[in-house]
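Structural overview for review
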Amino acid sequence: MTSWSPILPETVWSKVATVLRRELGEGPYNSYVAPSNVRPGPYGDPVLVTPTAYARDWIARNAARRAQELWTQHDPDSRVLDIKSRVEYEDATRGAVAAPAVAPATETAPARPEPVMPIIEVAAPNRIGGLQERLTFDSFVAGRGNEFAFQMSRQVASWADGHFNPVFFHGPYGYGKTHLLNAIGWEAQTRRPDAKIVYLTAEKFTSTFVKALMDKSTSAFKDEIRGADLLLVDDVHFIGGKTSSQEELFHTLTSLIENNRRVVFTADRPPSQLTEIEARLRSHLSSGLVCALDVADQSLRMGIIERKLEQLSQRLGAAQNPRSDVLHFLAERVPGSIRELEGAVNTLVASAGPRLGSLTLEEAMALLQPNLKVAVERRVTVDEIQKLVSDHFGLKQADLLSERRTRAIARPRQVAMWLCKQHTTRSYPDIGRRFGGRDHTTVLHAVKKVEELLQADDQIARDVEALTRKLRNV
Ligand SMILES: Nc1ncnc2c1ncn2[C@@H]1O[C@H](COP(=O)(O)OP(=O)(O)OP(=O)(O)O)[C@@H](O)[C@H]1O
């Protein structure tokens, strides 16, 4: 670590800060600049250390250039002023001699105490740690399965009056819940820079609360969370079974709602199915809007692949798109969620390099082998389909084989027959026999009916899509 120049950085910083205060105005200055300190970085250059990543990003966007200009005017060594959040600074200097804070922003503006909880950790590389820069509304592709959730998210982010509160998004893993929550955070902050937005996972909520209990600092914890204008809690199902954290979340939620603050949750299930969460909290979680994100259909998967390819070509330089049979193969045959789909696109782009545009389907399949490890051509049995379909519709497998013809049973039976035709090599008579000895014309009729419904009935289309994905992922 090199040593500091004889010109004290605090002298330079206090001159810079005085001008920034005047130019930025009291509000932003007190929120972001005043709580920051100048400290020596690992190579001796000055670092402006902000209490949170959010403050760092705010300063980087709104004041960094001016701060550097002013710094250069006052520092005879013309050192570069780096900006880091406290966490980043500690990581960067870990192992080096602990560096004392050398200068609060100005003598007249005492630094505010550091928040107990990271307010939005915007650029943290760790997904759990905070918001990720790439997860915005712009990078989100809306389509069947997530359209409503997308619209509701935009509405929350616009701070529109009279919307439901809390909003609760649920859906399977890897289909964009965290993405939407991040996008809400970014958009809401852009629209109201003065608003306090807290984003955290339920795990973080629990661990920070438990630590606060041990440190006897729960009131600081409460102030921090209950002072939020918008609270975003990801993966709330993780709080299941944790009694004291549930109690705290319950009081946090009621206090925020009473004070007209907004709250958004995500979970892998709707509140009614969060059986490890105490009934009173569950009921409050579902008291606003409960909104499902569903698995993506082929056209949404295709849209996401195209968006991802666009992003990659911007980052890695212009590249041709894969041929359309390769694109369709990606959309239709890569098993798993959007997360796995993104992984497959990355693999293809990285391993094909400049040959991406000319890859044949066979070459693409060979490159994607690791992503297709659940053998694409795995044999699916009629029995498996019947079990999956009956589970999905809350029926017994025996119902599908029975004589009963009520709509609630007949429709799932038709869907199951259709899936058998798509995913097994069984003939119509064979399928009929396995559905309680039915005639082949019944199966034929079922297959035609489902084909029609796939065009006309969104709900059936979603059910079939979900079941198809499950079949491929078993
Ligand atoms: N509609 C979409 N448009 C663009 N990207 C998407 C979409 N849905 C999901 N993704 C991407 O897929 C990946 C997984 O999404 P995300 O992390 O939001 O899932 P999740 O539902 O929160 O899952 P988990 O509960 O496992 O965290 C992310 O990289 C996300 O950007």
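Residues numbered from 1 in each chain as written. Predicted model: local features only at pLDDT ≥ 70, side-chain atom pairs only at ≥ 80, totals over all residues. Heavy atoms only, no water.

Note the following rule: UniProt positions are given in the numbering used here, feature names are shortened, and annotations may be inferred rather than shown by experiment.
Per an unreviewed UniProt entry, the protein chain goes by Chromosomal replication initiator protein DnaA and derives from Asticcacaulis benevestitus DSM 16100 = ATCC BAA-896. Recorded under Subunit (unreviewed entry), the UniProt text for the protein chain is reproduced unchanged: "Oligomerizes as a right-handed, spiral filament on DNA at oriC." UniProt, in its Subcellular location (unreviewed entry) section for the protein chain, records the words "Cytoplasm".

1. Here we look at the side chain of Asp-399
The condition that has to hold: Secondary structure elements are defined from DSSP: runs of H or I of at least 4 residues count as helices, runs of E of at least 2 residues count as strands, and each element is numbered from the N terminus. Summary of the burial criterion: residues with accessible area below 20% of their type's maximum are buried, those above 50% are exposed, and those between are partly exposed, where the area comes from a 1.4 Å probe applied to protein chains only. For this analysis, residues touch if any pair of their heavy atoms sits within 4.5 Å.
In this structure, Asp-399 sits in helix α17 (residues 397–401). On the basis of relative accessible area, Asp-399 is assigned to the buried category, the value being 15%. Excluding its chain neighbours within four sequence positions, the residues that come into contact with Asp-399 are Arg-404, Ile-409 and Arg-413.

2. Considering the pairing of strand β9 (residues 289–292)
The test is simple: Criterion used throughout: strands pair if DSSP finds at least two bridges between them.
Judged by which residues are buried, β9 turns out to be one-sided: Leu-289 and Cys-291 face inward and are buried, whereas Val-290 and Ala-292, on the alternate face, are not. The pairing of strand β5 (residues 167–170) with β9 spans four bridges and is parallel. Directly across from Phe-168, in β9, lies its bridge partner Val-290.

3. So, the pattern of salt bridges
The following threshold applies: By salt bridge we mean one thing: a side-chain nitrogen of Lys or Arg within 4 Å of a carboxyl oxygen of Asp or Glu.
In this structure the tally under the stated criterion is 26 salt bridges. Between Glu-452 and Lys-449 there is a salt bridge whose closest N-O contact spans 3.9 Å. Of the two residues, Glu-452 and Lys-449 both sit in helix α20 (residues 440–456), three residues apart, roughly one turn of that helix. Because the salt bridges share partners, they merge into one network encompassing Arg-192, Asp-194, Asp-229 and Arg-261.

4. Quick look at helix α3 (residues 53–62)
Within α3, seven of the ten residues are buried, leaving the element largely enclosed by the surrounding structure. Those residues of α3 not exposed but buried are Ala-53, Tyr-54, Ala-55, Arg-56, Asp-57, Trp-58 and Ile-59.

5. Regarding the site of the ligand
Our working definition: Being near a molecule or strand, for a residue, comes down to having at least one heavy atom within 4 Å of it. Each polar contact in these results corresponds to two N or O atoms within 3.5 Å; when the atoms are within protein, one needs to be able to donate a hydrogen and the other to accept it, and residues that are neighboring in sequence are counted only if both atoms are side-chain atoms. Note that accessible areas follow from Shrake-Rupley with a 1.4 Å probe, and for residues the cover is restricted to the protein chains shown. Only Asp, Glu, Lys and Arg are considered charged in this grouping, and only Ala, Val, Leu, Ile, Met, Phe, Trp, Tyr, Cys and Pro are considered nonpolar; every other residue, Gly among them, is considered polar. Domain delimitation follows an automatic or database domain assignment.
In the vicinity of the ligand lie 20 residues, with Val-141, Gly-174, Thr-178, His-179 and Glu-342 positioned nearest. Between the ligand and Tyr-175, the relevant distance is 3.2 Å, taken from an oxygen atom to a main-chain nitrogen or oxygen of the residue. Within the side chain of Arg-339, one N or O atom sits 3.1 Å away from an oxygen atom of the ligand. Expressed as a share of its isolated accessible area of 630 Å², the protein-covered part of the ligand is 95%. Elements supplying a minimum of two residues to the shell around the ligand: α7 (177–191) and α14 (338–352). Residue classes in the shell around the ligand are distributed as eight nonpolar, six polar and six charged. The residues that make up the shell around the ligand include at least three from each of domain 2 (147–292) and domain 3 (298–372).

6. Some remarks on the nonpolar core
The criterion, for reference: In plain words, nonpolar cores are sets of buried Ala, Val, Leu, Ile, Met, Phe, Trp, Tyr and Cys residues tied together by side-chain atoms within 4.5 Å.
Counting residues in each nonpolar core, the largest one holds 29 residues, and the members touching the most others are Ile-305, Leu-309, Leu-330, Val-345, Leu-348 and Leu-368. Those elements that place two or more of their residues in this core are α12 (298–316), α13 (324–333) and α14. Counting residues per element, this core draws most heavily on α14, at seven residues. Once you skip the residues sitting within four places of it in the chain, Val-345 turns out to touch Ile-305, Lys-308, Leu-309, Leu-312 and Leu-330. Grouped together as the second largest cluster of nonpolar side chains are 27 residues, Ile-385, Leu-395, Ala-461 and Leu-467 included.

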